Amino acid sequence: MSNAAIGEGIGQPVRRKEDFRFITGNGHYTDDIARPRQTWAYFLRSPHAHAKIRGIDTKSAETAPGVVAIFTGKHVADDGLGGLICGWTVSSKDGTPMKVGPHPILAVDTVRYVGDHVAMVVAETLAEARSAAEMIDVDYETLPAAVALAACQSKDAPQVHPEAPRNTCFEWELGNKSETEAAFAKADRIVKLDLTNNRLIPNAMEPRAALGEYDKGTGTYTLHTTSQNPHVARLVLSAFVGVAPEHKLRVIAPDVGGGFGSKIFIYAEETACVWAAAKVGRPIKWTADRSEAFLSDAHGRDHLSHAELALDKNGKFLALRVKTVANLGAYLSTFSASVPTYLYGTLLSGQYDIPAIYVEVDGVYTHTAPVDAYRGAGRPEATYLVERIVETAARETGIDPAEIRRRNFIRSFPHQTPVIMAYDAGDYEASLDAAMKAADHKGFPARKAEAEKRGKLRGLGFSSYIEACGLAPSAAVGSLGAGVGLWESAEVRVNPTGNVEVLTGSHSHGQGHETTFAQLVASRLGIPMEQVEIVHGDTDKVQFGMGTYGSRSGAVGMSAIVKALDKIETKAKKIAAHLMEAAVEDIVFENGTFTVQGTDKTMPWAQLALSAYTAHGFPSAEIEPGLKEGAFYDPTNFTFPAGCHICEVEIDPDTGVTRIINFVAVDDFGTIINPMIVEGQVHGGIAQGIGQALLEHGVYDPESGQLITGSYMDYCMPRADDLPSFNLGFTKTVCPSNPLGMKGCGEAGAIASPPAIINAITDALGIRDIEMPATPARVWAAIQSRPRAAAE
Amino acid sequence: MPVVAMTVNGKPASADVEARTLLVHYIREQLGLTGTHVGCDTSQCGACVVHVDGRAVKSCAILAVQAEGAEIVTVEGLAKNGELHPVQQAFREHHGLQCGFCTPGMIMTAVDLIRRKPNLDEKTVREELEGNICRCTGYHNIVKAILAASQEMR
């Protein structure tokens with residue numbers, strides 16, 4: 001169906017404006033850009049998880065063919081450059097701030113993970129840079145490494161940073177300890193569960209890349225890079241690293257091939273490229289190969305948790321207590337401290353009325369790659385814990401899994417949880433009912449029996465999830481330790497011919513903002529979408545913005561656009577009133593036409609736009625020429641997307657292979673602008689969740705700290721034949737805190753799906769738990785170790 | 001350095017290349033056709049798929065000199081006379097792409113797949129996409145797009 005047939009209004013599945021360039025090979029990703037006299041960078045990386053650097057000899061490498069320059073940590077330090085920062089400070093229970101070790105751009109005297117940056121070689125070609133790097137002689141004194149998370153806090157464990165004894169960065173807590181203890185003391189039943197949330201490696205298909213340039217004439221730097229938030233990158237590179245003053249640094253994130261969190265962060269390579277461009281006086285290009293991406297992109301998840309749920313005799317939840325050890329890797333990445341704390345502990349109430357919650361999280365350094373936000377960021381870990389222990393409680397009490405959820409759902413709003421969040425709207429039973437219907441829950445016993453006849457094991461698993469998106473009210477995150485505010489900006493520029501440019505601080509790297517945002521603007525102004533251009537990703541064009549992550553671009557980014565459009569309408573009505581000689585209160589703006597109420601006087605949008613710029617006869621004291629308005633929108637609350645996912649699996653007990661028979665997702669995202677794009681977001685999220693549950697695992701050798709899963713031959717990315725088609729549905733409660741009523745949809749699939757899958761597998765096998773990823777080997781082993789009675 | 005000559009998107013192309021140059025790097029860097037992407041270094045992801053003499057080939061898995069004399073078609077050469085190929089149309093119509101990075105390889109693979117197996121079903125499409133990784137779409141809409149295109153082209 002063409003867009004002409006379906007219309008372009010809000011709620012229509014408008015086909016994407018950005019697609020033409022991508023399907024014809026005309027996208028502009030960072031690595032596609034080439035500059036005259038461009039050089040190539042290659043980073044020599046540590047082959048050891050932990051070592052002292054006794055010396056680096058670059059002499060013979062410097063004379064290798066094509067070499068332009070070689071930089072080490074000493075050059076960076078001599079130039080006075082600061083290290084990379086963590087933008088969120090978390091404090092421990094005793095009030096002390098987190099213990100932060102330095103994070104140099106190039107290692108100075110110690111390397112702390114395999115892949116840590118030791119030297120940067122700049123050469124005429126990538127092959128020459130790579131060859132020269134092999135000639136650099138680094139004198140390492142290898143040291144024992146702290147790798148296995150469970151052992152890293154022992155007093156004998158090797159230390160990652162001297163600043164953090166026992167590798168403990170923080171010991172954080174949230175909730176009410178004494179109320180929780182009291183509730184446990186009077187509980188009729190306590191359900192306990194130990195859980196591992198497996199380490200994941202994000203793997204956006206476009207590897208990270210950078211093109212650093214320096215203009216000697218003006219003293220300005222330009223960095224093209226694969227960023228989800230170019231303004232934040234510029235701020236960090238200016239204010240903290242000190243590459244260049246903010247007004248002398250332009251950061252451009254052109255087409256970006258997926259992010260999933262991994263491109264939020266400010267990394268060493270991009271920083272080094274823009275810094276060194278001035279040193280060598282030529283542009284420097286760097287593009288990660290996939291092996292480097294595995295080693296050096298920030299990883300995700302990696303928690304060990306113990307959870308206990310207290311219930312009364314009717315299956316009502318009384319309290320939840322949780323102890324989690326979260327892996328931070330070797331250095332704090334840009335937002336890593338916030339992920340296992342404020343993005344995790346605050347969601348532990350799930351969809352349930354739990355009167356008392358207490359959570360402790362130890363953030364722990366290990367000799368592994370930094371761990372930071374990956375699709376969902378803290379919220380998948382919380383949802384996994386809540387939905388796994390709720391399912392376990394259902395099985396231990398003998399209450400039906402749907403029924404135990406119903407008994408505990410929050411049913412009145414606003415609802416203040418014991419862990420900061422104030423849920424504003426939702427209808428959890430509606431999504432559960434819709435999902436059960438779509439999953440043909442009633443027919444499951446018959447399907448299970450039929451599968452049994454074929455020697456197969458069927459299981460059904462629920463996940464009633466909630467997440468907090470629309471990150472976030474600046475005052476709220478500021479009080480919790482964020483170094484930034486999480487508002488968003490927009491500017492609407494109306495041209496004299498009536499077409500419109502909308503500048504947004506959000507950044508699209510697959511989400512389709514150029515379409516969705518244009519849909520909003522076009523329908524508001526009553527003009528065709530083709531007359532609306534969405535501009536993003538360039539700090540010289542967009543004044544400032546916070547970027548795209550945490551499912552924030554709809555709820556926050558589009559709210560900023562609405563605010564700017566409100567101002568446009570206000571001014572345009574003023575102009576219309578003047579031109580049509582009417583009172584401004586009498587001007588109505590509808591379908592692209594200004595009308596004087598109760599008369600036949602009208603003025604089309606394009607004519608008004610032109611008049612705004614000719615400005616003939618404007619009363620200059622009252623109306624300025626031009627039509628351009630900007631806005632900053634700061635949300636007043638988080639948004640709370642929620643829903644229910646149900647997964648049905650069939651397991652072959654001979655091979656341990658799990659097949660997903662049906663995957664149902666019913667989500668409440670509030671208002672949806674473009675259902676086609678929203679469904680696509682859910683599909684992708686579910687696929688990453690299925691990846692976590694069944695396939696993906698970032699594994700380091702516990703002794704050597706070598707990354708064992710460092711390529712697509714070892715790290716199991718979901719392929720098309722690993723996945724089913726998905727069965728989606730929506731319910732709707734409008735978000736009361738933003739003008740469009742939107743909640744956000746980018747992460748729900750990855751947040752909700754893992755527990756649904758593991759609940760289904762444990763249901764099929766009649767076991768308490770199975771570690772993710774539930775590979776055929778693990779499932780087969782679980783089947784073999786089941787008590788005989790259960791197996792038969 | 002050896003000279004390599006081939007036809008790319010219907011036009012003759014020849015250049016001096018280092019013997020170790022992969023076809024994908026020749027296409028991207030020497031011919032400036034950056035629609036073909038590099039997403040991995042182990043020939044798994046399929047972002048670099050082009051057609052060599054009408055067959056889908058991972059251009060990171062052959063040397064430029066091995067394509068001597070071959071007819072190469074990249075994603076830039078798929079549309080004819082300004083008219084999108086039905087597979088390109090179907091990817092847009094069915095939202096078979098998000099970030100667009102795997103898309104050129106997916107489309108080139110799909111065109112070859114439909115040529116080889118005109119009567120496709122979902123299972124076959126999913127199995128045949130084994131060599132193309134997408135991180136955004138969960139494949140749902142890619143599969144839908146390929147099935148729709150194969151119907152359209154029947």
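Residues numbered from 1 in each chain as written. Chains lettered and ligands numbered in written order. Predicted model: local features only at pLDDT ≥ 70, side-chain atom pairs only at ≥ 80, totals over all residues. Heavy atoms only, no water.

A.B. asks: Can you help me understand the overall build of chain B in this one?
C.D. replies: The helix and strand inventory of chain B stands at 5 helices and 5 strands. The linear arrangement of helices and strands in chain B, starting from the amino end, is β-β-α-β-β-β-α-α-α-α. A compact globule built from 154 residues should have a C-alpha radius of gyration of about 15 Å, and chain B, at 15 Å, falls within 12% of that. Counting across all 154 residues of chain B, residues that qualify as buried make up 58%. Residue pairs at least 24 apart in sequence account for 57% of intrachain contacts in chain B once pairs closer than 6 positions are excluded. With the model as given, the accessible surface of chain B reaches about 6,100 Å², and the carbon-plus-sulfur share is 49%. Here chain B contributes 15 positive and 17 negative side-chain charges, whose respective centroids are spaced 5 Å apart. (Helix = DSSP H or I, 4+ residues; strand = E, 2+ residues; numbered from the N terminus. Rg over C-alpha atoms; globule rule 2.2 N^0.38 Å. Buried < 20%, exposed > 50% of the residue type's maximum accessible area, 1.4 Å probe, protein only. Contact = heavy atoms within 4.5 Å. Areas by Shrake-Rupley, 256 points an atom, 1.4 Å probe, with all protein chains shown as cover. Lys, Arg positive; Asp, Glu negative; His and termini not counted. Charge placed at Lys NZ, Arg CZ, Asp CG, Glu CD.)

A.B. asks: Mind showing me how you'd approach the sheet that holds strand S21 (residues 532–535) of chain A here?
C.D. replies: Backbone-to-backbone hydrogen bonds join strands into a sheet, with any given pair of strands oriented parallel or antiparallel. Residue and element names in this part refer to chain A. Across the sheet, 4 strands lie side by side as S21-S20-S19-S25; this open sheet has mixed pairing. Each of the sheet's edge strands pairs with one partner strand only, and the pair in question is S21 and strand S25 (628–633). Averaged over all neighbouring strand pairs, the angle between strand axes comes to 15 degrees, with direction disregarded. As paired elements, strand S19 (residues 488–494) and strand S20 (residues 500–504) share 5 bridges and run antiparallel to each other. (Pairing = 2+ DSSP bridges. Axes fitted to C-alpha atoms, helices over the stretch in contact; angles between N-to-C directions.)

A.B. asks: Hey, could you run me through the environment of Val596 of chain A in this one?
C.D. replies: All names here are of chain A. Structurally, Val596 is set in strand S23 (residues 593–596). Along the sequence, Val596 and Ala583 sit 13 residues apart, while their C-alpha atoms lie 8.4 Å from each other. In this structure, Val596 is in contact with Met580, Ala582, Asp586, Ile587 and Lys601, ignoring residues within four places of it in sequence.

A.B. asks: So what exactly am I meant to see when it comes to the domain arrangement of chain A here?
C.D. replies: Many descriptions give the size of an interface as the accessible area lost when the pieces come together. Residues and elements named next belong to chain A. In terms of domains, chain A is made up of domain 1 (33–143 + 206–257 + 263–296), domain 2 (145–196 + 299–412), domain 3 (434–465 + 640–792) and domain 4 (487–633). Taking the mean C-alpha position of each, domain 3 and domain 4 sit 42 Å from one another. The interface of domain 3 with domain 4 comprises 14 residues on the first partner and 15 residues on the second. Regarding the contact of domain 3 and domain 4, the summed buried area is about 1,100 Å², with carbon and sulfur atoms giving 61% of it. At the surface where domain 3 touches domain 4, the tally comes to 0 salt bridges. Taken together, the links from domain 3 to domain 4 amount to 5 residue pairs in polar contact (both at pLDDT 80 or more). (Domains from an automatic or database assignment. Buried area = accessible area lost by both parts, 1.4 Å probe. Salt bridge = Lys/Arg side-chain N within 4 Å of Asp/Glu carboxyl O. Polar contact = N/O pair within 3.5 Å; in protein donor to acceptor, adjacent residues only side chain to side chain.)

A.B. asks: How do you make sense of the packing of aromatic side chains when you look at a structure like this?
C.D. replies: To describe a pair of aromatic rings, you give the distance between the ring centres and the angle between the ring planes. Residues and elements named next belong to chain A. What the rule picks out here adds up to 23 aromatic pairs over all chains. Plain terms: the ring middles of Phe669 and Phe730 are 5.9 Å apart, the flat faces sit at 55 degrees to each other, and that makes the pair tilted. One end of the pair, Phe669, is in the loop between strand S27 (657–668) and helix H18 (675–695); the other, Phe730, is in strand S28 (residues 727–731), and 61 residues separate them in sequence. Residue classification places Phe669 among the buried positions, given a relative accessible area of 2%. Classification of Phe730 by relative accessible area gives partly exposed; the value is 32%. Ring pairs connect the aromatic residues Phe317, Tyr352, Phe409, Phe413 and Tyr428, which therefore count as one cluster. Here the guanidinium or amino end of Arg321 rests over the ring plane of Phe184, the centre of that ring lying 3.7 Å away. (Phe/Tyr/Trp six-rings, centres within 6.5 Å; stacked < 30°, edge-to-face > 60°. Lys NZ or Arg CZ within 6 Å of the ring centre and 35° of its normal.)

A.B. asks: Would you mind showing me how to read the interface of chain B and chain A here?
C.D. replies: Listed as interface residues are 43 residues of chain B and, on the opposing side, 52 residues of chain A. A combined buried area of about 4,100 Å² lies between chain B and chain A, and 55% of that area is made up of carbon and sulfur atoms. By the criterion of area lost to chain A, the three top residues of chain B are Arg92, His95 and Arg135 of chain B, representing 19% of everything that side buries. If you look at where chain B meets chain A, you find 4 salt bridges. Linking Glu93 of chain B and Arg15 of chain A is a salt bridge whose minimum nitrogen-to-oxygen distance equals 2.8 Å. For the side of chain B that touches chain A, the secondary-structure elements that each account for two or more residues are helix H1 (23–30), helix H2 (86–93), helix H3 (103–116), helix H4 (122–128) and helix H5 (140–153) of chain B. Ranked by the residues each element gives to the side of chain B that touches chain A, the list is headed by H2 of chain B, at 4 residues.

A.B. asks: Is there a simple way to explain the domain arrangement of chain B in this structure?
C.D. replies: Residue and element names in this part refer to chain B. Per the domain assignment, the segments of chain B are domain 1 (3–77) and domain 2 (86–153). Spacing between the C-alpha centres of domain 1 and domain 2 amounts to 21 Å. Contacts between the two partners involve 18 residues from domain 1 and, on the opposite side, 13 residues from domain 2. Carbon and sulfur atoms supply 61% of the area that domain 1 and domain 2 bury against each other, a total of about 1,200 Å² over both sides. Broken down residue by residue, the surface that domain 1 buries against domain 2 is led by His37, His51 and Val75, which jointly contribute 37%. Across the contact surface, domain 1 and domain 2 share 0 salt bridges.

A.B. asks: Please clarify how empty space enclosed by the protein should be interpreted in this entry.
C.D. replies: Gaps left between atoms are located by rolling a probe of water-molecule size over the structure's atoms. Residue and element names in this part refer to chain A. Under the defined criterion, the tally for this structure stands at 9 cavities of 30 Å³ or more. Taken together, 16 residues form the lining of the second largest cavity, with Leu84, His103, Ile266, Tyr267 and Pro370 sitting closest to its centre. A breakdown of the residues in the lining of the second largest cavity according to their chemical character gives 10 nonpolar, 5 polar and 1 charged. Two domains each provide a minimum of three residues to the lining of the second largest cavity, namely domain 1 (33–143 + 206–257 + 263–296) and domain 2 (145–196 + 299–412). (1 Å grid on protein atoms, 1.4 Å probe; cavity = no way out; pocket = protein on both sides within 12 Å on 5 of 7 lines; lining within 4 Å. Points joined across faces, edges and corners; volume = space filled by probe spheres on them. Nonpolar A, V, L, I, M, F, W, Y, C, P; charged D, E, K, R; others polar.)

A.B. asks: How do you make sense of the pairing of S20 of chain A when you look at a structure like this?
C.D. replies: Two faces, one strand: in a regular strand the side chains alternate between the faces of the sheet. Residue and element names in this part refer to chain A. Across the 5 residues of S20, 4 count as buried, placing the element largely inside the fold. Taking the residues between adjacent antiparallel strands as the criterion, S19 and S20 are bridged by 5 residues, where Gly498 takes a positive phi near 95 degrees. Two strands pair when backbone bridges link them, and S20 and S21 are joined in this way by 4 bridges, in the parallel orientation. Across the sheet, the residue bridging to Val500 is Val532, located in S21. Viewed along the sheet, the connection from S20 through helix H15 (residues 513–525) into S21 turns out right-handed. (Right-handed = clockwise from strand over helix to strand, strands pointing away.)

A.B. asks: I'm lost on helix H11 (residues 401–408) of chain A in this one. Help?
C.D. replies: Every α-helix carries 3.6 residues per turn, so stepping three or four residues along brings you back to the same face. Residues and elements named next belong to chain A. Judged by how many residues are buried, H11 sits mostly within the fold: 6 of 8 residues are covered. The inward-facing, buried residues of H11 contact strand S13 (300–311), strand S14 (317–329), helix H10 (379–397), helix H12 (428–438), strand S18 (457–466) and helix H19 (748–765). Between the side-chain oxygen at the start of H11 and the backbone nitrogen of Ala402 there is a gap of 2.9 Å, and the oxygen is on Asp400.

A.B. asks: Which parts of the structure should I look at to understand the sheet that holds S14 of chain A?
C.D. replies: Residue and element names in this part refer to chain A. Read from one edge of the open sheet, 5 strands run S7-S15-S14-S13-S8, paired in mixed fashion. Strands at the two margins of the open sheet, each flanked by one partner only, are strand S7 (168–175) and strand S8 (189–200). Going from strand to strand, the sheet's axes swing by 10 degrees on average, the running direction of each strand aside. Looking at chain direction, S13 and S14 are connected through 9 bridges and run antiparallel. Considered in S14, the bridge of His306 is made with Lys323. Relative to S8, H10 is tilted by about 145 degrees, and along the sheet it contacts S8, S13 and S14.

A.B. asks: Mind showing me how you'd approach the nonpolar core here?
C.D. replies: Within soluble globular proteins, side chains that are nonpolar generally end up buried alongside one another. Core analysis: the largest hydrophobic core is formed by 222 residues, its most contacted members being Met120, Leu348 and Ile761 of chain A together with Phe91 and Ile146 of chain B. It is H19 of chain A that provides the largest number of residues to this core, a total of 10 residues. When neighbours within four sequence positions are excluded, Ile761 of chain A is seen to be in contact with Val649, Ile651, Thr658, Leu694, Ile770, Ala774 and Val779 of chain A. The next biggest cluster of nonpolar side chains, apart from the first, holds 48 residues, and it includes Val492, Phe517, Met580 and Ala615 of chain A. (Core = buried A, V, L, I, M, F, W, Y, C linked by side-chain atoms within 4.5 Å.)

A.B. asks: I'm lost on the layout of surface pockets in this one. Help?
C.D. replies: Each pocket or cavity is described by its volume, and for the largest pocket that value is around 1,200 Å³. Lining of the largest pocket is provided by 47 residues; of these, Trp40, Leu126 and Ala127 of chain A together with His25 and Glu29 of chain B occupy positions nearest its centre. Among the secondary structure elements, those contributing two or more residues to the lining of the largest pocket are strand S1 (39–45), helix H5 (126–133), strand S12 (284–287) and helix H9 (290–296) of chain A together with H1 of chain B. A per-element tally of the lining of the largest pocket places H1 of chain B first, with 6 residues. For the lining of the largest pocket, the residue count by class is 21 nonpolar, 12 polar and 14 charged.

A.B. asks: Explanation requested: the packing of H2 of chain B against H5 of chain B in the structure shown.
C.D. replies: For any two helices packed against each other, the geometry comes down to the angle between their axes and how far apart the axes lie. Residue and element names in this part refer to chain B. Relative to each other, H2 and H5 sit at 140 degrees, their axes nearing to 8 Å. With respect to each other, H2 and H5 are oriented oblique. As H2 runs across H5, the sense of the crossing is right-handed. Every residue of H5 that contacts H2 at Pro86, Val87, Ala90 and Phe91 is listed here: Ile142, Ala145, Ile146, Ala149, Glu152 and Met153. Across the contact of H2 with H5, the residue classes break down as 9 nonpolar, no polar and 1 charged. (Parallel < 35°, antiparallel > 145°, perpendicular 65-115°, else oblique. Left-handed = near helix turned anticlockwise from the far one by under 90°.)

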